[in-house]
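# Residue-level structure breakdown
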Amino acid sequence: MSKKIPGLKLKSVGKTGKQQYRLSIVNQHKPFIFSGKTDDDMPIEYYSRYTVGDQTFSTLIGSVHD
């Protein structure tokens, strides 16, 4: 990447050209389950955690409806 992305920590790999910064994306291998706050007809949702730069994000990877 040749420009910084605001809000993300990027590793500097060069001073000029197309490859000035490196963005690391890491799968944390820590999926988690969210089942809602009540026992009524709430779906069970599965999320995956990953880190982009120095920020942690979650992505829905599947859901089950009773």
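See the structure shown above.
Presented here is a report on the structure given in the accompanying data block. (Residues numbered from 1 in each chain as written. Predicted model: local features only at pLDDT ≥ 70, side-chain atom pairs only at ≥ 80, totals over all residues. Heavy atoms only, no water.)

Now for the overall build of the protein chain. Along the backbone of the protein chain there are 0 helices and 6 strands. From first element to last, N terminus to C terminus, the protein chain shows the α and β order β-β-β-β-β-β. Taking all 66 residues of the protein chain together, the buried fraction comes to 15%. A separation threshold of at least 6 residues defines the contact pool for the protein chain, and within that pool the share at least 24 residues apart is 20%. (Helix = DSSP H or I, 4+ residues; strand = E, 2+ residues; numbered from the N terminus. Buried < 20%, exposed > 50% of the residue type's maximum accessible area, 1.4 Å probe, protein only. Contact = heavy atoms within 4.5 Å.)

On to the environment of Y47, then. Among the secondary structure elements, Y47 is positioned in strand 5 (residues 44-52). When the C-alpha atoms of Y47 and S58 are compared, they prove to be 6.1 Å apart, with 11 residues separating the residues in sequence. If near-sequence neighbours (up to four positions away) are discounted, Y47 is found in contact with P31, F32, F34, S58, T59, L60 and I61. Within the structure, Y47 has its side chain in polar contact with the side chain of E45 (distance 2.9 Å). (Polar contact = N/O pair within 3.5 Å; in protein donor to acceptor, adjacent residues only side chain to side chain.)

For strand 3 (residues 25-27) and strand 5, the ladder comprises 3 bridges, and the chain directions are antiparallel. Following the sheet pairing, V26 is matched in strand 5 by T51. (Pairing = 2+ DSSP bridges.)

Our next topic: the packing of aromatic side chains. This model, assessed by the stated rule, comprises 1 aromatic pair. Ring centres 6.0 Å apart and planes at 25° place the aromatic pair Y50 and F57 in the stacked group. Given a relative accessible area of 26%, Y50 falls into the partly exposed group. (Phe/Tyr/Trp six-rings, centres within 6.5 Å; stacked < 30°, edge-to-face > 60°.)

We now examine the side chain of S48. Examined against the element boundaries, S48 turns out to sit in strand 5. Ignoring sequence-local partners within four residues, the contact set of S48 consists of N27, P31, F57, S58, T59 and I61.

What follows covers the pairing of strand 6 (residues 55-64). Two strands pair when backbone bridges link them, and strand 5 and strand 6 are joined in this way by 9 bridges, in the antiparallel orientation. Considered in strand 6, the bridge of Y50 is made with F57. Linking strand 5 to strand 6, which pair antiparallel, is a turn of 2 residues; within it G53 sits at a positive phi near 65°.

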